[in-house]
Amino acid sequence: AQKVTQAQTEISVVEKEDVTLDCVYETRDTTYYLFWYKQPPSGELVFLIRRNSFDEQNEISGRYSWNFQKSTSSFNFTITASQVVDSAVYFCALSEVDNYGQNFVFGPGTRLSVLP
Amino acid sequence: SAVISQKPSRDICQRGTSLTIQCQVDSQVTMMFWYRQQPGQSLTLIATANQGSEATYESGFVIDKFPISRPNLTFSTLTVSNMSPEDSSIYLCSVGLAAPDTQYFGPGTRLTVL
């Protein structure tokens, strides 16, 4: 069965600090997809990134970067020079595809508070 | 991506009543999903609603409690029936254009049951 673990329940940092959010997943499939979503206080889930299991290249998008390591089943998310607007709950998710469709599982989330 | 709207954005309901939540997408999509997010918790999939077929419910969710309609490729409704305070949650719809694909989420409906 698939599973996503985000061991950090809450993190607090001061503005301009770098912060890394951890995500560890479990799956028996060789083909799968990993995602990060942001949920600000307004409640809407905002898609940040998707990675497939065959692409281990790290990705950078502005202040955001993602480190995907299949050897450790991890897909960590780093925010550089954090800002107050980064305060949100961040969810890591795993998707497998079988003959019946897509199976999407979310981790428990990490609440990030960026203090001014 | 897709632009998704939900109605109502929030509601306060009395125990024993029912609420129907609407989800509208700005483009035709095959797959629509309904999730529940209880306070301080992660998202749990309630059901998958594909047009032209009955909704598929996840373990722990039943059609009598959460009936779903999917009349066309841009619209779906979720009804929360015979509500109790334990149903107080955020309900979110999401869409996927194809499997496998990113799911894009609506803004959610905050439900409080008194």
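Because the structure is a prediction, the values reported are computed rather than measured.

J.: Before we move on, could you go through the nonpolar core and cite the residues and values that matter?
T.: Membership of the largest hydrophobic core comes to 26 residues, with the highest contact counts inside it found for B:W34, B:I46, B:F66, B:L78, B:Y91, B:V95 and B:L111. Listed by contribution, the elements that provide at least two residues to this core are strand 3 (19–25), strand 4 (31–37), strand 5 (43–50), strand 8 (75–80), strand 9 (89–96) and strand 11 (109–113) of chain B. The greatest single-element share of this core, amounting to four residues, is contributed by strand 3 of chain B. Leave out the neighbours within four places in its chain, and B:F66 touches B:R36, B:I46, B:Y57, B:F61, B:L78, B:T79, B:V80, B:D87 and B:Y91. Ranked by size, the runner-up nonpolar core spans 23 residues in total, among them A:V4, A:Y32, A:W66 and A:L112.

J.: Outline the packing of aromatic side chains, supporting the account with residue identities and numerical values.
T.: Evaluation of the coordinates by the stated rule reveals 22 aromatic pairs over all chains. Taken together, a centroid distance of 5.2 Å and an interplanar angle of 50° make the contact between A:Y25 and A:Y32 tilted. What makes A:Y32 buried here is its relative accessible area of 5%. A centroid spacing of 5.4 Å and a plane angle of 50° characterise the contact between B:Y35 and B:F105, whose relative ring orientation is tilted. Taken as a pair, B:Y35 in strand 4 and B:F105 in strand 10 (residues 104–105) lie far apart in primary sequence, 70 residues in all. Of the two residues, B:Y35 and B:F105, neither departs from the other in class, the shared state being buried.

J.: Describe the interface of chain A and chain B, and please don't skip the residues or the numbers.
T.: Counting residues at the interface gives 18 residues for chain A and 19 residues for chain B. Surface buried jointly by chain A and chain B totals about 1500 Å² across both partners, of which 55% is contributed by carbon and sulfur atoms. Seen at the junction of chain A and chain B, the total is zero salt bridges. Viewed at the interface, chain B and chain A are joined by four residue pairs in polar contact (both at pLDDT 80 or more).

J.: Hey, could you go over the environment of A:R63 for me, with residue numbers and the actual values?
T.: Residues and elements named next belong to chain A. The topology assignment puts R63 in the loop between strand 7 (59–61) and strand 8 (64–69). Looking at R63, the relative accessible area reads 24%, which means it is partly exposed. When neighbours within four sequence positions are excluded, R63 is seen to be in contact with T78, I79, T80, A81, S82, Q83 and D86. There is a polar contact of 2.8 Å between the side chain of R63 and the side chain of D86.

J.: Could you give me a rundown of the pattern of salt bridges, with the residues and numbers involved?
T.: Overall, the coordinates contain four salt bridges over all chains when judged by the stated rule. A salt bridge links A:D86 to A:R63; the nearest nitrogen and oxygen atoms lie 2.8 Å apart. Here A:D86, found in the loop between strand 9 (74–79) and strand 10 (88–98), pairs with A:R63, found in the loop between strand 7 and strand 8; they are 23 residues apart in sequence, far enough to count as distant. Residue A:D86 is classed as buried on the basis of its relative accessible area of 1%. Between B:K65 and B:D87 there is a salt bridge; the shortest N-O distance is 2.6 Å. With B:K65 in the loop between strand 6 (56–57) and strand 7 (68–72) and B:D87 in the loop between strand 8 and strand 9, the pair connects residues that are 22 residues apart, well separated along the chain. Of the two residues, B:K65 and B:D87, neither departs from the other in class, the shared state being buried. If you follow the salt bridges from partner to partner, you end up with A:R51, A:D55 and A:E59 in one network.

Calculation rules
Residues numbered from 1 in each chain as written. Chains lettered and ligands numbered in written order. Predicted model: local features only at pLDDT ≥ 70, side-chain atom pairs only at ≥ 80, totals over all residues. Heavy atoms only, no water. Core = buried A, V, L, I, M, F, W, Y, C linked by side-chain atoms within 4.5 Å. Buried < 20%, exposed > 50% of the residue type's maximum accessible area, 1.4 Å probe, protein only. Helix = DSSP H or I, 4+ residues; strand = E, 2+ residues; numbered from the N terminus. Contact = heavy atoms within 4.5 Å. Phe/Tyr/Trp six-rings, centres within 6.5 Å; stacked < 30°, edge-to-face > 60°. Buried area = accessible area lost by both parts, 1.4 Å probe. Salt bridge = Lys/Arg side-chain N within 4 Å of Asp/Glu carboxyl O. Polar contact = N/O pair within 3.5 Å; in protein donor to acceptor, adjacent residues only side chain to side chain.

Everything listed here is a matter of geometry and, on its own, says nothing about what the molecule does.
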